[in-house]
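Working through the structure, step by step
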Amino acid sequence: INIQKYNEYSSGIIFIIDPFSLEKVRKKYKNKLSTVAASQDSIDDILSRLLTSLESTSNLKKTEKYKKPFAIILNKIDKLEDEIINKDSKKGKEQLEAWGENHFLQKISVRFENVKFFSFSTMKSLKNTQNDIMDPVMWIANNEGFGKK
């Protein structure tokens, strides 16, 4: 990951979180794990690797915030039957807090300046509770001044 140079050319970052990779969610929905492919990597570890990459390829100092937009997507929300996640960015953060991901959120608040949460499902019945697939891309584009006159 350290040899990647594309970070300096990006307009932002999209960070996708599989809720089933989180310990609290895995425990709560252990009966569904056989039907859901889930990452075994910790989101803290993935974020640390991303930050290491940004520090080495974008000249981001360990004490400074990444200024470009950072979109966090919670996916597979259709599999979380009793969790309430919707288009409201604040709800995504609150849900991660409820799942015990405070260390991750703390690291995000310290290292990223412009953060927004999104949620997705493949189920059309959840259309009112999820973002359109283009929402994070458009949010990044708008933040970076694309399409503005």
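Okay, so let's go over this structure. Keep in mind that this is a model prediction, so the values were computed, not measured.

Here the focus is the sheet that holds strand β3 (residues 112–119). Sheet strands pair via backbone hydrogen bonds, and the direction of the pair is either parallel or antiparallel. Strand order in this open sheet of three strands is β1-β2-β3, and the pairing throughout is parallel. Bordering the open sheet on either side are β1 (13–17) and β3, each of which pairs with just one other strand. Sheet twist, expressed as the mean angle between neighbouring strand axes with direction ignored, is 25°. Bridge analysis of strand β2 (residues 66–74) against β3 gives seven bridges, and the strand direction is parallel. Along β3, the bridge assignment pairs Ile72 with Phe117. In the packing of helix α2 (residues 43–57) onto the sheet, the strands contacted are β1, β2 and β3, and the crossing angle to β1 comes to about 165°.

One pass over the structure, following the stated rule, counts five salt bridges. Close ionic contact of Glu23 with Lys27 constitutes a salt bridge, the shortest N to O distance being 3.2 Å. Placement of the pair is Glu23 and Lys27 together in helix α1 (residues 23–28), with a separation of four residues, close to one helical turn. With a closest N to O distance of 3.9 Å, Glu113 and Lys67 form a salt bridge.

How each quantity is defined
- Residues numbered from 1 in each chain as written.
- Predicted model: local features only at pLDDT ≥ 70, side-chain atom pairs only at ≥ 80, totals over all residues.
- Heavy atoms only, no water.
- Pairing = 2+ DSSP bridges.
- Helix = DSSP H or I, 4+ residues; strand = E, 2+ residues; numbered from the N terminus.
- Axes fitted to C-alpha atoms, helices over the stretch in contact; angles between N-to-C directions.
- Contact = heavy atoms within 4.5 Å.
- Salt bridge = Lys/Arg side-chain N within 4 Å of Asp/Glu carboxyl O.

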